[in-house]
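Overview (structure and organization)
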Amino acid sequence: MTHALIVIDVQNDFCPGGALAVPDGDAIVPGINAIMRDFDAVILTQDWHPAGHSSFASSHEGKAPFDTVEMPYGPQVLWPDHCVQGSHGAAFHDRLATDSADLVLRKGHDPAIDSYSAFFENDQETPTGLHGYLQLRGLGTLTLVGLATDFCVGFSAVDAARLGYDVTVRQDLCRGIDLDGSLGAALERMAQAGVQIV
Ligand code: VGL
Ligand code: ZN
């Protein structure tokens, strides 16, 4: 089994100064760059929303960022506008070594569905295509790093484990948002799913 590094959403909007900044989000960049050469493949994901996306609080009358609404696919946290396609906020952090990536996977482009996981959108059934790519390349062992631990990293890791991958999350190379205990809950869900958290 060959081993892929999946770098989740290391984008300007999730770094200090960005629209949905994760505390210390940029601190992981040098460490991520340093381990890229240790893997058979490097995959970067990019949160990539159209303007007016349904996960933005600004798209819901009377709602504020971090409120929750009921979507056809279940509860959805509303976020500040972030990672709008083509914007500076959606670009990768400028010190991330993007040239080393084999694949850049964009997610969250459907206006009506958010996509935390790199594998499935938040309806938990629409595939992003990543599973097919990994299978065809024989990449069965995955290490996940990036932002944010409790949302996109956590959901990706749980989906990967359920799909049968051998999954490790490098906590030292992740940072979390921790909204109402979401970090502890995500660590719990990952552990339950068989993700190795190191
Ligand atoms: C993320 C909230 C909204 C993430 C993306 O990358 O963790 N979180 N969109
Ligand atoms: Zn998003």
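Everything numeric here is computed off the predicted structure, so don't read it as measured data.

Time to look at the coordination of the zinc ion (ligand 2). Taken together, Asp-47 (OD), His-49 (NE2) and His-82 (NE2) make up the full set of protein donors to the zinc ion (ligand 2), lying 2.0 to 2.2 Å away. Around the zinc ion (ligand 2) sit four donor atoms, and with donor-metal-donor angles ranging over 89 to 168° the site reads as irregular. Read in sequence order, the donor residues coordinating the zinc ion (ligand 2) give the pattern D-x1-H-x32-H. Residue Asp-47 is located in strand β2 (residues 41-47), and its partner His-82 is located in the loop between β4 (74-77) and β5 (103-107); the two are separated by 35 residues in the primary sequence.

For the structure shown, the criterion picks out six aromatic pairs. Between the aromatic rings of Tyr-116 and Phe-155, the centroid separation amounts to 5.2 Å while the plane-to-plane angle is 50°, which identifies the pairing as tilted. Linking Tyr-116 in the loop between β5 and α2 (130-136) with Phe-155 in helix α3 (residues 149-162), this pair joins segments that are 39 residues apart in sequence. Among the residues examined, Tyr-116 registers a relative accessible area of 8% and is labelled buried. Look at Phe-155 and you get partly exposed, because its relative accessible area is 27%. Seen in terms of ring centroids, Phe-119 and Tyr-165 are 5.9 Å apart; in terms of plane orientation they differ by 40°. Their pairing is tilted. Of this pair, Phe-119 sits in the loop between β5 and α2 while Tyr-165 is found in the loop between α3 and β7 (166-175), placing the two residues 46 residues apart along the sequence.

We now examine the environment of Arg-170. Mapped onto the elements, Arg-170 comes out in strand β7. Accessibility expressed as a relative area gives 27% for Arg-170, which makes it partly exposed. Here the alpha-carbon distance between Arg-170 and Asp-24, two residues 146 residues apart in the chain, equals 16 Å. For Arg-170, the contacting residues outside a window of four places in its chain are Ile-35, Thr-143, Leu-144, Val-145 and Val-198.

On to α3, then. Burial runs high along α3: 12 of the 14 residues are buried. Listing the buried residues of α3 in full gives Thr-149, Asp-150, Phe-151, Cys-152, Val-153, Gly-154, Ser-156, Ala-157, Val-158, Asp-159, Ala-160 and Ala-161. Check the buried side of α3 and you find it contacts β1 (2-8), β5, β6 (139-147), β7 and α4 (182-193). Looking one or two residues beyond α3, the residue adopting positive phi is Gly-164, at roughly 100°.

This next bit is on the site of ligand 1. The local shell around ligand 1 consists of Asp-9, Phe-14, Leu-20, Asp-47, Trp-79, His-82, Tyr-116, Leu-147, Ala-148, Phe-151 and Cys-152. The backbone of Leu-147 places a nitrogen or oxygen atom 3.3 Å from an oxygen atom of ligand 1. The backbone of Cys-152 places a nitrogen or oxygen atom 3.0 Å from an oxygen atom of ligand 1. Contact with the protein chains hides 100% of the accessible area of ligand 1, taken as 260 Å² for the molecule alone. The residue makeup of the shell around ligand 1, split by class, is eight nonpolar, one polar and two charged.

Another point: α4. A rise of 1.5 Å per residue sets the reference length of α4, with its 12 residues, at 16 Å; its end C-alpha atoms lie 16 Å apart and thus fit the reference within 8%. Against α3, β7 and β8 (196-197) lie the buried residues of α4. Positive backbone phi, approximately 95°, marks Gly-194, located one or two places after α4.

What counts, and at which threshold
Residues numbered from 1 in each chain as written. Chains lettered and ligands numbered in written order. Predicted model: local features only at pLDDT ≥ 70, side-chain atom pairs only at ≥ 80, totals over all residues. Heavy atoms only, no water. Donors = N, O, S within 2.8 Å, 3.2 Å for Na, K, Ca; no water. Tetrahedral: all angles 85-135°; square planar, octahedral: opposite > 155°, others 65-115°. Helix = DSSP H or I, 4+ residues; strand = E, 2+ residues; numbered from the N terminus. Phe/Tyr/Trp six-rings, centres within 6.5 Å; stacked < 30°, edge-to-face > 60°. Buried < 20%, exposed > 50% of the residue type's maximum accessible area, 1.4 Å probe, protein only. Contact = heavy atoms within 4.5 Å. Near = heavy atom within 4 Å. Polar contact = N/O pair within 3.5 Å; in protein donor to acceptor, adjacent residues only side chain to side chain. Areas by Shrake-Rupley, 256 points an atom, 1.4 Å probe, with all protein chains shown as cover. Nonpolar A, V, L, I, M, F, W, Y, C, P; charged D, E, K, R; others polar. Expected span 1.5 Å × (residues − 1).

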